[in-house]
Amino acid sequence: QVQLVESGGGLVQAGGSLRLSCAASGRTFSSYAMAWFHQAPGKERDFVAGIAWDGRGTYYADSVKGRFTISRDNAKNTVYLQMNSLKPGDTAVYYCAAGFVGGRTSMGDYRYWGQGTQVTVSS
C-alpha cells in the first residue's frame, strides 16, 4: 500500500509558477506509475500529467503541454509537478495518484490517491 501527501499549492498570479510535490510512503514507490489530476469546483477530476515508474515516459493533457513538467525522484519517494505560465483556468485542487500501469489517463487506472493541494491563480 502507498500513502501520498501533496504539498506546494498556494495562491499565485497569472503567469507565475508553482512546484507541487507528492511524498509517498512505502518501499515500493519506484514500482508505481504516478500522475497528477486536478479538479475545479463543480467539475470532474481530470488528468494533468503522468510519469512511468522509471521516469523515462511522461505524458500530459493538451491543456498543460509546454507549461507543466512532471518528474520523480525514486530515491526520495517523491513526484513533482512544475507548473509555469499559470492561468486562472488552472485553478483547482491538485491530486497525486499511483497506479500499476503507465500511460493511463483515467481515474480508475490509479489505485492510491492523496488528499489534494489547492492551487489558485489570480488574474
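Going by the structure above, here's the rest.
Figured I'd write up the structure that's included with this text. The structure displayed is predicted, hence computed values, not measured ones. For every chain, the first residue of its written sequence is number 1, and the numbers climb from 1 along that sequence. Reporting in this predicted model follows two pLDDT cut-offs: at least 70 for local features of residues, and 80 or more for side-chain atom pairs to be given and counted; totals over whole chains, interfaces and linings ignore these cut-offs and use all residues. Working from all heavy atoms in the structure, the side-chain values ignore hydrogens and water.

Right, let's get into unusual backbone geometry. Positive phi values are uncommon outside glycine, yet Asn-77 reaches one of about 55°. In this structure, Ser-85 takes a positive phi of about 50° despite not being glycine. Each helix is a run of H or I in the DSSP string that is no shorter than four residues. Each strand is a run of E no shorter than two, and both are numbered from the N terminus. Within the secondary structure, Ser-85 sits in the loop between strand E8 (78–83) and strand E9 (92–99). With a relative accessible area of 40%, Ser-85 lands in the partly exposed category. Note on classification: 1.4 Å probe, protein chains only; a residue is buried when its accessible area is under 20% of the maximum for its type, exposed when over 50%, partly exposed between these limits.

Here, the term nonpolar core denotes a set of buried Ala, Val, Leu, Ile, Met, Phe, Trp, Tyr and Cys residues that are joined through side-chain atoms within 4.5 Å. Counting 36 residues, the largest nonpolar core has Leu-4, Met-34, Trp-36, Val-79, Leu-81, Met-83 and Tyr-94 as the members making the most contacts within it. Mapped onto this core, the elements with two or more residues apiece are strand E3 (18–24), strand E4 (33–39), strand E5 (45–51), strand E7 (68–73), E8, E9, strand E10 (110–113) and strand E11 (117–122). The element contributing the most residues to this core is E9, with five residues.

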